[in-house]
Amino acid sequence: MQDIPKSHPRYNSLMMREKISKAMQSGIVHETGLIAHGRGEAYDYLLGETTIKLADDAEKVAAAALLCANNPVISVNGNVVALAAEECISLSESIPAKLEVNLFHRTDERINKIVNLLKNHGAKDVYGSTADAQIPGLDHNRGLCDKEGIFSAEVILVPLEDGDRCQALRDMGKKVIAIDLNPLSRTARTANITIVDNVTRAVPNIEKWVTKLKDENKQTLDEMVDSWDNKKMLREVNSFISKRLNSLS
Ligand code: PTJ
């Protein structure tokens, strides 16, 4: 890792770039993951590189949905483990939820590398390599998943997802929570709950809410989830960004 002084005004952003770049060299991140990261960075810049109130609200409702589920799953890919492996493991333990590796550019080699990385960071069980089920409506590799994991989950947290898979999971009747810095993406518009925040901030913040809501009764949590208006929240995020741009120009 390059020696970036903590005093550098763009320290966090540069550290993320270093992590993504190193993880690409080791085969964890697909090369197109660098492009995806760049798009995310641009939106993060527009948001002010901070968790805005609207994202915090979504993170709270996401925590409620995950706590209410019988078999919740956190789906991870190359970019997510490069940036937030330990945070995902910690969140999965606090809910508790299963961790499953589900890749857009799927190869057995990448799946095994990511499973091993998570295990080396302390994850006990990691799903995704059995691939004994298929998400209907997706072409072969992208639709592969585990019967005991994503296939049978009713609530799935999908950080950095592609819109097709998000739609296919919804078509299966699942509740999808997406983390996507781009409020205009198909994923953002398709998910039940969209968290417009950086995965590095969103995952620990969901865990903060899991800890706070753990003893809340199920009816209260269900009501929070049922009353969530995702379209309204996305409109408000777009309005937040445009007001911020106006105030800066
Ligand atoms: O590891 P794989 O094979 O599953 O491939 C993963 C990538 C990311 C390459 C694949 O899923 C992909 O191409 O994704 P997209 O369609 O480019 O979408 C990625 C979305 O994530 C974009 O809308 C970005 O704005 C957003 N994004 C990028 N970095 C972050 C992010 N959102 C939250 N936190 C980030 N750090």
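Just so it is clear, the structure is predicted and the values come from calculations on it, not from any experiment. (Residues numbered from 1 in each chain as written. Predicted model: local features only at pLDDT ≥ 70, side-chain atom pairs only at ≥ 80, totals over all residues. Heavy atoms only, no water.)

Visitor: Give me the environment of Leu118: which residues, what numbers.
Guide: Counting through the fold element by element, Leu118 comes out in helix α5 (residues 108-120). Once the C-alpha coordinates of Leu118 and Lys6 are considered, the two residues, 112 residues apart in sequence, prove to be 27 Å apart. (Helix = DSSP H or I, 4+ residues; strand = E, 2+ residues; numbered from the N terminus.)

Visitor: Explain helix α11 (residues 230-248) residue by residue, including any values.
Guide: Spanning 19 residues, α11 covers 27 Å between terminal C-alpha atoms, matching the ideal 27 Å at 1.5 Å per step. Buried residues of α11: Asn230, Met233, Leu234, Val237 and Ile241, and no others. In a view along the axis of α11, the buried residues occupy a sector of 100°, so they form one face of it. For α11, the exposed residues lying more than 90 degrees away from the buried face are Lys231, Arg235, Lys243, Asn246 and Ser247. (Expected span 1.5 Å × (residues − 1). Buried < 20%, exposed > 50% of the residue type's maximum accessible area, 1.4 Å probe, protein only. Arc of directions from axis to C-beta.)

Visitor: Give a detailed account of unusual backbone geometry, specifying residues and quantitative values.
Guide: For the bond running from Ile95 to Pro96, omega is -5°, close enough to zero to count as cis. Mapped onto the elements, Pro96 comes out in the loop between α4 (78-94) and β2 (98-101). Even without a glycine there, the phi angle at Ala131 is positive, about 50°. Inspection of the secondary structure puts Ala131 in the loop between β3 (126-127) and β4 (133-134).

Visitor: Can you lay out the nonpolar core for me, pointing to particular residues and giving the numbers?
Guide: In this structure, Val76, Val101, Leu118, Ile177 and Ile206 are the most contacted members of the largest nonpolar core, which totals 65 residues. With eleven residues, the top contributor of residues to this core is helix α3 (residues 53-68). Apart from the residues within four sequence positions on either side, Val76 is in contact with Val81, Cys88, Leu99, Glu100, Val101, Asn102, Leu103 and Leu118. Judged by nonpolar contacts, the second largest core, of 15 residues, contains Ile135, Ala168, Ala178 and Ala191. (Core = buried A, V, L, I, M, F, W, Y, C linked by side-chain atoms within 4.5 Å. Contact = heavy atoms within 4.5 Å.)

Visitor: Explain the site of the ligand to me, and be specific about the residues and the numbers.
Guide: Near the ligand you find 20 residues, and of these Phe104, His105, Arg110, Asp180 and Val199 are the closest. Here an oxygen atom of the ligand sits 3.0 Å away from a polar atom, N or O, in the main chain of Gly78. In the model, a nitrogen atom of the ligand is placed 2.9 Å from a nitrogen or oxygen of the Val199 main chain. Coverage of the ligand by the protein chains reaches 93% of its 750 Å² of free accessible surface. Elements with a contribution of two residues or more to the shell around the ligand: α2 (31-47) and α4. The dominant element in the shell around the ligand, judged by the number of residues it contributes, is α2, at six residues. (Near = heavy atom within 4 Å. Polar contact = N/O pair within 3.5 Å; in protein donor to acceptor, adjacent residues only side chain to side chain. Areas by Shrake-Rupley, 256 points an atom, 1.4 Å probe, with all protein chains shown as cover.)

Visitor: Describe helix α10 (residues 218-226), with residues and values.
Guide: Here α10 has its buried residues at Leu221, Met224 and Val225. On an axial view of α10, the arc spanned by its buried residues comes to 95°, and they lie on one face. What points out from α10, more than 90 degrees from its buried face, is the exposed set Gln219 and Asp226.

Visitor: Would you mind going over the pairing of strand β1 (residues 73-76) in detail, with residue names and values included?
Guide: On a regular strand, each side chain points to the face opposite its neighbour's, so the side chains alternate between the two faces of the sheet. Because side chains alternate across β1, one face comprises the buried residues Val73 and Ser75, and the other comprises Ile74 and Val76, equally buried. Note: β1 against β2, four bridges, orientation parallel. Note that in β2 the partner of Val76 across the bridge is Val101. Looking at chain direction, β1 and strand β6 (residues 155-159) are connected through two bridges and run parallel. From the neighbouring strand, Ile74 faces β6, where its bridge partner is Leu157. (Pairing = 2+ DSSP bridges.)

Visitor: Please give an account of the environment of Leu34 that cites residues and values.
Guide: Looking at the element boundaries, Leu34 is found in helix α2. For Leu34 and Asn79, which are 45 residues apart along the polypeptide, the C-alpha to C-alpha distance reads 8.4 Å. Once residues within four sequence positions are removed from consideration, Leu34 is found in contact with Ile20, Met24 and Val29.

Visitor: So what about the pairing of β6? Which residues, and what values?
Guide: The buried count for β6 comes to five of five residues, which makes it a mostly enclosed element. Across the two faces of β6 the burial is the same, with Val155, Leu157 and Pro159 and Ile156 and Val158 all buried. Note that β6 and strand β7 (residues 175-179) share five bridges and pair parallel. Residue pairing across strands places Val158 opposite Ala178, the latter belonging to β7.

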